[in-house]
Amino acid sequence: MRLEKRSHSSSLALALAPLGAVAFTLLISALLVLWAGAPVGQTYGVLVKGGFGSVFAWSETLTRAIPLMLTGLAAAVAFKARLFNIGAEGQLYVGALAAVAVGGLHGGTGFDLPPALLFGLMMLAAALAGALLLLGPALLKARLGVDEVVTTLLLNFIVLLLVSLMLDGPMKDPTAMGWPQSVALLGDLELAKLIPQTRVHTGLLWACALAVGLWALMKYTVLGFDIRAVGANARAAAFAGVPVTRTVVLVALLSGGLAGLAGAIEVAGRTSYLTLDMSPGYGYSGIVIAMLAGLHPLGVVAGSVFVAGVLVGADSMSRVVGVPTYIADVIVAASLISVLVATLPTQYRVRWQ
């Protein structure tokens, strides 16, 4: 038995594979629900209602989905070029750190710069910080062949230690009663709410606009063609005249910038200050979302809402039926494994000898 690469993959099969993977994941998770002694139908019903059953549920799901969209886009564009960025978590934190450093200058006043200018500088600083954090591993891969999975993963822990150092040191809020957090941003630097009396903010519009823009870049531009060519076969792309190193560097800047923006938007839209537990693993969940979406930027939007709904709904599920919220992590992780297995037959066929 051997696997043979298909010359053409069916669009219908590619679309159905993630749906089949999600259905299989829910089936496997149902066994864990039964093991916990809870009824499967009621458990899933409460999970869906908790994530999508009301205006408040939708607002919480969409709020949780915003950073997931951006980290999912960061993973999708990097993976498309076979730059396996596992460091979106660290890039998110360093972006948030840069945003707070700029927006919270001089005790939170930003040296009295106009809010519009300061907000733009804050977002630019976050994108640059995330981009530069990924640039090093990308250059190491392009020039020396260093495995970027290792370097980007280890950088996550280095960044978290740096954030901890800054929040306990020079960036610590003196009015936080000893709690390690940064100075809060001014109200003028915070993102407006989309729905009154909820937490969902205009960062959702930013994330959706970036998804559309990334889709257009990948589909209609020379850079998008170069990214797809390098991802398909870097040696063949170089032989055809594609600047491989330059493409990898641009992808690194784009991917890291998107993850850095996720941190800035999370601070400006939801928390207003930086803490060490700001992200419950958005960078890692973004990888799952990118794979569920088949690395398609518009699919990342739908995948983010799905994963966010599962995470939000799990809180209600835990309160009503007593199933631990960790079942949500199982669903997300199992979805990644399932989608990898489900997409295999769409790209390869089995040949018997």
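Structure first, text after, so check above.
A.B. asks: Help me understand a nonpolar patch on the surface, please; the structure alone is not making it clear to me.
C.D. replies: Together, Leu113, Leu117, Leu121, Leu124, Leu128, Leu132, Leu250 and Leu253 give the surface a local cluster of nonpolar side chains, amounting to about 670 Å² of exposed area. Sort the elements by how many residues they give to the nonpolar patch and helix α6 (residues 115-144) lands first, with five residues. For Leu117, the position within the fold is in helix α6.

A.B. asks: Just to check I follow, could you spell out the nonpolar core for this structure?
C.D. replies: Grouped together as the largest cluster of nonpolar side chains are 98 residues, with contacts concentrated most on Leu83, Met122, Met123, Leu274 and Met317. The greatest single-element share of this core, amounting to 13 residues, is contributed by helix α3 (residues 55-80). Not counting residues up to four positions away in its chain, the partners in contact with Leu83 are Ala78, Leu134, Ala138, Lys141, Glu148, Val248, Val251 and Ala252.

A.B. asks: Help me understand the packing of aromatic side chains, please; the structure alone is not making it clear to me.
C.D. replies: Pairs of aromatic rings are described using the distance from one ring centre to the other and the angle between the two planes. Throughout the structure, instances matching the rule amount to four aromatic pairs. Ring plane angle 80° and centroid distance 5.9 Å describe the contact between Phe119 and Trp206, whose orientation is recorded as edge-to-face. With Phe119 in helix α6 and Trp206 in helix α8 (residues 203-220), the pair connects residues that are 87 residues apart, well separated along the chain. Ring centres of Trp215 and Tyr220 lie 5.7 Å apart, and the angle between their planes is 85°; this geometry places the pair in the edge-to-face category. Looking at Lys219, its charged tip hangs above the ring of Tyr220, at a distance of 5.8 Å from the centre.

A.B. asks: Sorry if this is basic, but what is going on with the packing of helix α13 (residues 297-321) against helix α14 (residues 326-347) here?
C.D. replies: For any two helices packed against each other, the geometry comes down to the angle between their axes and how far apart the axes lie. With their axes 8 Å apart at the nearest point, α13 and α14 run at an angle of 155° to one another. Regarding the angle of α13 to α14, the classification is roughly antiparallel. Along this stretch, α13 crosses α14, giving a crossing that reads as right-handed. Touching Phe306, Val307, Val310, Leu311, Ala314 and Met317 of α13 are Ile327, Ala328, Asp329, Ile331, Val332 and Ser335, all from α14. For the contact of α13 with α14, a count of residues per class yields ten nonpolar, one polar and one charged.

A.B. asks: Looking at this structure, I do not really get the environment of Val212. What am I missing?
C.D. replies: Tracing the backbone through its elements, the reader meets Val212 in helix α8. Owing to a relative accessible area of 43%, Val212 belongs among the partly exposed residues under this scheme. Between the C-alpha atoms of Val212 and Leu298, which are 86 residues apart in sequence, the distance is 6.6 Å.

A.B. asks: Sorry, what's going on with the pattern of salt bridges here?
C.D. replies: Working definition: two side chains of opposite charge can pair if their charged atoms are close together. This structure, assessed with the given rule, holds three salt bridges. Among the salt bridges present, the one from Glu60 reaches Arg199, with a minimum N-O distance of 2.7 Å. With Glu60 in helix α3 and Arg199 in the loop between α7 (148-167) and α8, this residue pair connects regions lying 139 residues apart in the sequence. For Glu60, a relative accessible area of 14% puts it in the buried group. The residue Lys141 makes a salt bridge to Glu148 at a minimum N-O spacing of 3.2 Å. For Glu148, a relative accessible area of 5% gives the class buried.

What counts and what doesn't
Residues numbered from 1 in each chain as written. Predicted model: local features only at pLDDT ≥ 70, side-chain atom pairs only at ≥ 80, totals over all residues. Heavy atoms only, no water. Patch = residues over 30% accessible without salt bridge, like charges linked within 9 Å, V, L, I, M, F, W, Y side chains within 5 Å. Areas by Shrake-Rupley, 256 points an atom, 1.4 Å probe, with all protein chains shown as cover. Salt bridge = Lys/Arg side-chain N within 4 Å of Asp/Glu carboxyl O. Helix = DSSP H or I, 4+ residues; strand = E, 2+ residues; numbered from the N terminus. Core = buried A, V, L, I, M, F, W, Y, C linked by side-chain atoms within 4.5 Å. Buried < 20%, exposed > 50% of the residue type's maximum accessible area, 1.4 Å probe, protein only. Contact = heavy atoms within 4.5 Å. Phe/Tyr/Trp six-rings, centres within 6.5 Å; stacked < 30°, edge-to-face > 60°. Lys NZ or Arg CZ within 6 Å of the ring centre and 35° of its normal. Axes fitted to C-alpha atoms, helices over the stretch in contact; angles between N-to-C directions. Parallel < 35°, antiparallel > 145°, perpendicular 65-115°, else oblique. Left-handed = near helix turned anticlockwise from the far one by under 90°. Nonpolar A, V, L, I, M, F, W, Y, C, P; charged D, E, K, R; others polar.

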